[in-house]
Amino acid sequence: MEELNSVQKIAIWVLPLVFAITVHEVAHGWVAKRLGDPTAMMLGRLTLNPIKHIDPMGTLIIPGLLLWLGGFVFGWAKPVPVTWENLRHPRRDMAWVALAGPVANLLMAILWAGVMRIGIAVYDSSAWLSVPLFHMGDAGIKINLLLMLLNLLPIPPLDGGRILGALLPGPASYRLSRLEPYGFFILLFLMMTHVLNWVMTPPLEALTAILYVVAGL
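1. Some details on the overall build of the protein chain
In terms of helices and strands, the protein chain carries nine helices and zero strands. If you list the helices and strands of the protein chain from N to C, you get α-α-α-α-α-α-α-α-α. The proportion of buried residues among the 217 residues of the protein chain is 41%. Here the analysis covers contacts within the protein chain between residues at least 6 apart in sequence; of these, 72% occur between residues at least 24 apart. Accessible area for the protein chain stands at about 11,800 Å²; split by element, carbon and sulfur atoms hold 71% of it.

2. Remarks on the side chain of T208
Considering the arrangement of structural elements, one finds T208 in helix α9 (residues 195–215). A distance of 2.7 Å separates a polar atom in the side chain of T208 from the backbone oxygen of L204. Not counting residues up to four positions away in its chain, the partners in contact with T208 are I141 and L145.

3. Notes on the layout of surface pockets
If you add up the space inside the largest pocket, you get close to 1,200 Å³. Lining the largest pocket are 38 residues, with P157, L158, D159, R162 and E180 positioned closest to its centre. Counting only elements with at least two residues in the lining of the largest pocket, the list comes to α1 (6–34), α4 (90–121), α5 (127–151), α6 (159–167), α7 (170–177) and α8 (183–192). Tallying contributions element by element places α4 first for the lining of the largest pocket, with six residues.

4. Re the packing of α5 against α9
α9 packs onto α5 with a crossing angle of 135 degrees between their chain directions and a minimal axis gap of 10 Å. Relative to α9, the element α5 is oriented oblique. Here α5 and α9 pass one another in a crossing that is right-handed. In this structure, α5 uses D138, I141, K142, L145, L146, M148, L149 and L150 to contact α9, whose residues at the interface are L196, M200, P203, L204, L207, T208, L211 and Y212. Residue composition of the contact of α5 with α9, grouped by class: 13 nonpolar, one polar and two charged.

5. Some words on the environment of L204
Checked against the element boundaries, L204 lands in helix α9. Judged by relative accessible area, L204 falls into the partly exposed class, the value being 22%. In this structure the C-alpha to C-alpha distance between L204 and L150, which are 54 residues apart in sequence, comes to 10.0 Å. If sequence neighbours within four positions are ignored, L204 has contacts with K142, L145, L146 and L149.

6. As for the pattern of salt bridges
Any two side chains of opposite charge can pair, so long as their charged atoms come close to each other. Summed over the entire model, instances satisfying the criterion amount to three salt bridges. We note a salt bridge from D93 to R92, for which the minimum N-O separation is 3.2 Å.

7. Regarding unusual backbone geometry
Glycine aside, the phi torsion of most residues is negative, and most peptide linkages are trans. Of the consecutive residues P156 and P157, the connecting peptide bond is found in the cis state with omega at 5 degrees. With respect to the helices, strands and loops of the structure, P157 is situated in the loop between α5 and α6. Its identity as a non-glycine residue notwithstanding, H194 has a phi of 65 degrees, on the positive side. Along the chain, H194 falls in the loop between α8 and α9.

What counts and what doesn't
- Residues numbered from 1 in each chain as written.
- Predicted model: local features only at pLDDT ≥ 70, side-chain atom pairs only at ≥ 80, totals over all residues.
- Heavy atoms only, no water.
- Helix = DSSP H or I, 4+ residues; strand = E, 2+ residues; numbered from the N terminus.
- Buried < 20%, exposed > 50% of the residue type's maximum accessible area, 1.4 Å probe, protein only.
- Contact = heavy atoms within 4.5 Å.
- Areas by Shrake-Rupley, 256 points an atom, 1.4 Å probe, with all protein chains shown as cover.
- Polar contact = N/O pair within 3.5 Å; in protein donor to acceptor, adjacent residues only side chain to side chain.
- 1 Å grid on protein atoms, 1.4 Å probe; cavity = no way out; pocket = protein on both sides within 12 Å on 5 of 7 lines; lining within 4 Å.
- Points joined across faces, edges and corners; volume = space filled by probe spheres on them.
- Axes fitted to C-alpha atoms, helices over the stretch in contact; angles between N-to-C directions.
- Parallel < 35°, antiparallel > 145°, perpendicular 65-115°, else oblique.
- Left-handed = near helix turned anticlockwise from the far one by under 90°.
- Nonpolar A, V, L, I, M, F, W, Y, C, P; charged D, E, K, R; others polar.
- Salt bridge = Lys/Arg side-chain N within 4 Å of Asp/Glu carboxyl O.

Below is the structure:
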């Protein structure tokens, strides 16, 4: 397949990135509603309309700059509000709500592998369609796996931190929750010291390899 220049690469990556972040947030709100909290629905956040979820800085500007610079691409959307007191079993159900986002990303990665497979299948007859499908599927796989693994890190306010907090005994959960204001800075520190790369690269490469097989590579 042909290589893409920087402008083409950004154009190809925008759609998978926006949907990865949007569906991730909708999944949180949908599961919360199923477990007794209608807050996201009442605020109009149970929609796939990306405008309702986009954070201009976290969804567009920062990921675009990182992609342009060839660095570690990540982003975020406006968090879907969850009123934990409305949940039928608050501690347990918050874990399920948090897990819903990463699971949604895994399912989307599998769907993008299907798109990539279609791109490969039509290459001989429709190269003009095959090339963007192939590269967009590849981007969708990588973005969704990256967001899934990143969000599963046990650092508040990431989903992994909320899952861990729901599993820990009360006092330990409280101590973990006090890290939430510093979570973003912890993540930046892990990135700058390359610890994040060391932790995430093996599972990212393994899962990507599996989905490349699904895509027919």
